[in-house]
Amino acid sequence: SSKLTDDSKMELYRFAKSLNHKSWDGRYQIVVTGFADKTGNEEYNYNLRKRRASSVTAYLRSLGVDVQIVDQTASHDHQGDNLLDRRVELSVRVL
């Protein structure tokens, strides 16, 4: 599912709060990467990965994170564990 849980929203709120107190000056970018397990066909999984990344991105933006610093992607990388593959990762990229 691409729906955010209450726990996820709390973690994202903490993350956004820490970001909003920093001066990014165009030197950094937040990368939001959606993942899906191997269940289902590739087209469905690709769209699910995108929806997951989009949900997190939209929520971060609703919390005031600068839309210019967010990049969202979908990954084909699998951990081999269905639960681990059903996730979104956030990382900071130095530009």
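Structure: above.
Residues numbered from 1 in each chain as written. Predicted model: local features only at pLDDT ≥ 70, side-chain atom pairs only at ≥ 80, totals over all residues. Heavy atoms only, no water.

### Details of the overall build of the protein chain
Helix and strand content of the protein chain: three helices and three strands. Counting helices and strands in the order they occur from the N terminus, the protein chain gives α-β-α-β-α-β. Here the protein chain holds 95 residues, and the buried ones make up 29% of them. Considering only contacts within the protein chain whose residues lie at least 6 apart along the sequence, 77% involve residues at least 24 apart. Only carbon and sulfur atoms are counted for the fraction: they give 49% of the accessible area of the protein chain, which is about 6,100 Å². (Helix = DSSP H or I, 4+ residues; strand = E, 2+ residues; numbered from the N terminus. Buried < 20%, exposed > 50% of the residue type's maximum accessible area, 1.4 Å probe, protein only. Contact = heavy atoms within 4.5 Å. Areas by Shrake-Rupley, 256 points an atom, 1.4 Å probe, with all protein chains shown as cover.)

### So, helix H2 (residues 42-62)
Its 21 residues give H2 an end-to-end C-alpha distance of 30 Å, which sits within 8% of 30 Å, the value for a rise of 1.5 Å per residue. Residues Asn-45, Leu-48, Arg-49, Arg-52, Ala-53, Val-56, Thr-57 and Leu-60 constitute the buried set of H2. All buried residues of H2 lie within an arc of 165° about the axis, which places them on one face of the element. Exposed and oriented more than 90 degrees from the buried face of H2 are Glu-43 and Ser-62. With a side-chain oxygen positioned 3.1 Å from the backbone nitrogen of Glu-43, the residue opening H2 is Asn-41. Where H2 ends, the next residue or the one after it, Gly-64, has phi of about 95°, a positive value. (Expected span 1.5 Å × (residues − 1). Arc of directions from axis to C-beta. Polar contact = N/O pair within 3.5 Å; in protein donor to acceptor, adjacent residues only side chain to side chain.)

### Quick word on the environment of Asp-66
Within the secondary structure layout, Asp-66 lies in the loop between H2 and strand S2 (70-74). Between the C-alpha atoms of Asp-66 and Ile-30, which are 36 residues apart in sequence, the distance is 9.7 Å.

### Observations regarding helix H1 (residues 6-19)
Since the α-helix turns once every 3.6 residues, residues separated by three or four places project in the same direction. Taking 1.5 Å of rise per residue, the 14 residues of H1 would be expected to cover 20 Å, and the 20 Å separating its terminal C-alpha atoms lies within 8% of that figure. Within H1, burial applies to Leu-12, Ala-16 and Leu-19. Seen from one end, H1 has its buried residues packed into an arc of 55°, which puts them on one side. Residues of H1 that are exposed and angled more than 90 degrees away from the buried face: Asp-6 and Asp-7. At its buried positions, H1 is contacted by strand S1 (28-34), H2 and strand S3 (88-94).

### Side note on the environment of Thr-5
Along the chain, Thr-5 turns up in the segment before H1. Judged by its relative accessible area of 42%, Thr-5 falls in the partly exposed class. At a separation of 2.9 Å, a polar atom in the side chain of Thr-5 contacts the side chain of Ser-8.

### Topic: the packing of H1 against H2
In contact at an axis separation of 10 Å, H1 and H2 are set at 50° when each is read in the N-to-C sense. Taken together, H1 and H2 sit at an angle that is classed as oblique. For the crossing formed where H1 meets H2, the hand is right-handed. Along the contact surface, H1 presents Lys-9, Leu-12, Tyr-13, Phe-15 and Ala-16, while H2 presents Val-56, Tyr-59 and Leu-60. When grouped by side-chain class, the residues that make up the contact of H1 with H2 number seven nonpolar, no polar and one charged. (Axes fitted to C-alpha atoms, helices over the stretch in contact; angles between N-to-C directions. Parallel < 35°, antiparallel > 145°, perpendicular 65-115°, else oblique. Left-handed = near helix turned anticlockwise from the far one by under 90°. Nonpolar A, V, L, I, M, F, W, Y, C, P; charged D, E, K, R; others polar.)

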